[in-house]
Amino acid sequence: MTDVAAEEEARVRIRCDADIVQARQRGRALALRVGFGPTVSTLVATAISELARNILLYASPGEIVVQSLERNGHSGLSILARDQGPGIPDIRQAMQDGYSTSRRLGLGLPGVQRLMDEFEVDSKPGAGTTIRATIWKQS
Amino acid sequence: MQVPILKQGPYLIATIQSALTDADLEQLRDSIVERVGRHRARGVIIDVTALDVMDSFATGTLADIAHMTRLRGAKTVIVGIQPDVAYTMAHMGLTLEGISAALDLEEGLSQLEAEGLPERGP
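Residues numbered from 1 in each chain as written. Chains lettered and ligands numbered in written order. Predicted model: local features only at pLDDT ≥ 70, side-chain atom pairs only at ≥ 80, totals over all residues.

Trainee: An account of the overall build of chain B is requested, with residue identities and associated values reported.
Mentor: Along the backbone of chain B there are 4 helices and 5 strands. Shown N-terminal to C-terminal, the secondary structure of chain B runs as helices and strands in the order β-β-α-β-α-β-α-β-α. Counting only C-alpha atoms and orienting by the principal axes, one finds that chain B spans roughly 45 × 30 × 20 Å. Within chain B, the fraction of its 122 residues that count as buried is 36%. At a minimum sequence separation of 6, the contacts of chain B that also span at least 24 residues come to 74%. (Helix = DSSP H or I, 4+ residues; strand = E, 2+ residues; numbered from the N terminus. Buried ≥ 20, exposed ≤ 12 C-beta atoms within 10 Å, placed from the backbone. Contact = placed C-beta atoms within 7 Å.)

Trainee: Quick one: what's the story with the overall build of chain A, residue by residue and with numbers?
Mentor: If you tally the helices and strands in chain A, you get 4 helices and 5 strands. The contacts in chain A between residues at least 6 apart in sequence include a share of 64% that link residues at least 24 apart.

Trainee: Lay out the pairing of strand S3 (residues 43-47) of chain B with the relevant residues and their values.
Mentor: Sheet faces and side chains relate simply in a regular strand, where the side chains alternate between the two faces. Residues and elements named next belong to chain B. The buried fraction of S3 amounts to 5 of the 5 residues, a majority that puts the element mostly inside the structure. Going residue by residue along S3, you find Gly43, Ile45 and Asp47 tucked away on one face and Val44 and Ile46 tucked away on the opposite face as well. As defined by bridge partners, strand S2 (residues 11-15) adjoins S3 across 5 bridges and the pair is classed as parallel. Bridge pairing in S3 places Leu12 opposite Val44. Traced from S2 through helix H1 (residues 22-38) to S3, the parallel crossover comes out right-handed. Here 5 bridges tie S3 to strand S4 (residues 75-79), and the two strands are oriented parallel to one another. Following the sheet pairing, Asp47 is matched in S4 by Val79. As for the winding sense of the linkage, the β-α-β connection from S3 through helix H2 (residues 56-71) to S4 is right-handed. (Pairing = 2+ DSSP bridges. Right-handed = clockwise from strand over helix to strand, strands pointing away.)

Trainee: Give me the lowdown on unusual backbone geometry, citing residues and values where you can.
Mentor: Located in the positive-phi region is Asn72(A), a residue other than glycine, with phi close to 50°. Tracing the sequence through the fold places Asn72(A) in the loop between strand S2 (62-71) and strand S3 (74-83). Its identity is not glycine, yet Arg40(B) carries a phi of approximately 50°, on the positive side. Positionally, Arg40(B) belongs in the loop between H1 and S3.

Trainee: Could you give an account of helix H4 (residues 108-115) of chain A, naming the residues involved and the relevant values?
Mentor: When you tally the buried positions in H4(A), you get 6 out of 8 residues, the bulk of the element. All of the buried residues along H4(A) are Gly108(A), Leu109(A), Pro110(A), Gly111(A), Val112(A) and Leu115(A). Those residues of H4(A) that are buried lie in contact with helix H2 (38-58), helix H3 (91-94), strand S4 (118-124) and strand S5 (128-136) of chain A together with H2 and helix H3 (83-92) of chain B.

Trainee: Describe the interface of chain A and chain B, and please don't skip the residues or the numbers.
Mentor: Contact residues are listed per partner, giving 23 residues for chain A and 18 residues for chain B. Contributing elements (two or more residues each) for the side of chain A that touches chain B: helix H1 (17-33), H2 and H4 of chain A. Here the side of chain A that touches chain B gets 9 residues from one element, more than from any other, and that element is H2(A). A class-by-class count of the residues in the side of chain A that touches chain B yields 9 nonpolar, 7 polar and 7 charged. (Nonpolar A, V, L, I, M, F, W, Y, C, P; charged D, E, K, R; others polar.)

Trainee: An account of the nonpolar core is requested, with residue identities and associated values reported.
Mentor: Within the largest apolar cluster, 65 residues are counted, with the highest numbers of intra-cluster contacts made by Val44(A), Ala47(A), Ile48(A), Leu51(A), Ala52(A), Ile64(A) and Val44(B). It is H2(A) that provides the largest number of residues to this core, a total of 9 residues. If near-sequence neighbours (up to four positions away) are discounted, Ala47(A) is found in contact with Ile79(A), Val112(A), Leu115(A), Met116(A) and Ala133(A). (Core = buried A, V, L, I, M, F, W, Y, C linked by C-beta atoms within 7 Å.)

Trainee: Explain the sheet that holds strand S5 (residues 100-102) of chain B residue by residue, including any values.
Mentor: All names here are of chain B. Taken together, 5 strands build an open sheet; the order of strands is S1-S2-S3-S4-S5 and the sheet is mixed. Both outer strands of the open sheet, strand S1 (5-8) and S5, are each paired with one neighbouring strand and no more. Across the sheet, the mean angle separating the axes of adjacent strands is 25° when strand polarity is ignored. With 3 bridges connecting them, S4 and S5 associate as parallel partners. (Axes fitted to C-alpha atoms, helices over the stretch in contact; angles between N-to-C directions.)

Trainee: Which residues make up the confidence of the model for chain A, and what are the values?
Mentor: Predicted confidence across chain A gives a mean pLDDT of 88, with 90% of residues reaching 70 or more. Looking across chain A, the model is least confident in H3(A), with a mean pLDDT of 78, and most confident in H1(A), with 96. (pLDDT = per-residue confidence, 0-100.)

Trainee: Kindly report on the packing of H4(A) against H3(B), identifying the contributing residues and their values.
Mentor: Put simply, H4(A) and H3(B) touch, their axes get as near as 8 Å, and they point 110° apart. If you check the angle between H4(A) and H3(B), you find them roughly perpendicular. As for how H4(A) packs across H3(B), the hand of that crossing is right-handed. Every residue of H3(B) that contacts H4(A) at Gly111(A), Arg114(A) and Leu115(A) is listed here: Thr88(B), His91(B) and Met92(B). Here the residues of the contact of H4(A) with H3(B) are counted per class, giving 2 nonpolar, 3 polar and 1 charged. (Parallel < 35°, antiparallel > 145°, perpendicular 65-115°, else oblique. Left-handed = near helix turned anticlockwise from the far one by under 90°.)

Listed below in C-alpha cells is the structure:
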C-alpha cells in the first residue's frame, strides 16, 4: 500500500434525508468526472445512499467523503462514511444479510460490501464509526 | 418532490420525475394506497425511469407498495428500471421477488390488461 494520494473529493454532511440524495448525486458526479463509466457510477451512488442512510438512522450527524485516489498506478474511488455516533456493537451481526435494528431490509451494509472491491469498518462503542469502501477501475 | 399520479381508466400511473428522498418515497406509498381506494383502481404502474438509484430503501418501499395495493385489490407493475440500476440491484442482492416488472409504460399497461382486471362497480 504505497503511493496513496487523494486527488479530488466531495464532502457532504448528513443531517436529514435530503443530504442522502445530495451525497449520492455529488458522488456520482465525481465518479463520472474521474473517468468511471455510468454503470460503476450508479453503483457508487447506490453505495453512498446506503452508507449515508446508515448515518442518518443510527448516528446523525455524520459525513460522507468521496475521494478519487491512486495506488500503485491504479485509480479508484473511495467512500468514507464517518460519524461520532454510538458505534456498532457487533460488526459481524451488522454485516449479516437481513439483520436490522430498524425494521428495514437489513441489506444496506452487506449490499455495499458486495458492490465495492474493498470494505472496512472501524467502530468503537461510544466513539463512532468509520466505514471505508473502495472501488478500483478495471484496467 | 411530489410524484404525479394520473388515473387512466381502472389504472393509476405514478411517474417518478427525479431523485426522491426517503420521505418522498413514503409519501408516494401512502398516496398510492389511498388513491387505489378513492379511484377504485384495479392496477397501478410506477414508472421509475427517472429514479437515480434503487437502494435498499427504495426497493423495500416499492415492494411495500406492491404488497399493500394487492391487499387493497389492485396489482402493481414497476416499469422503467434502467440497465445500470438493474446491474447494481443484482449485484447488491436486491430483488423485487413476487412483484411484477415491465420494460416500459406500454408493456406495463399491456401486462395489466392481459390480467383482464374488470372495472369495479361504483
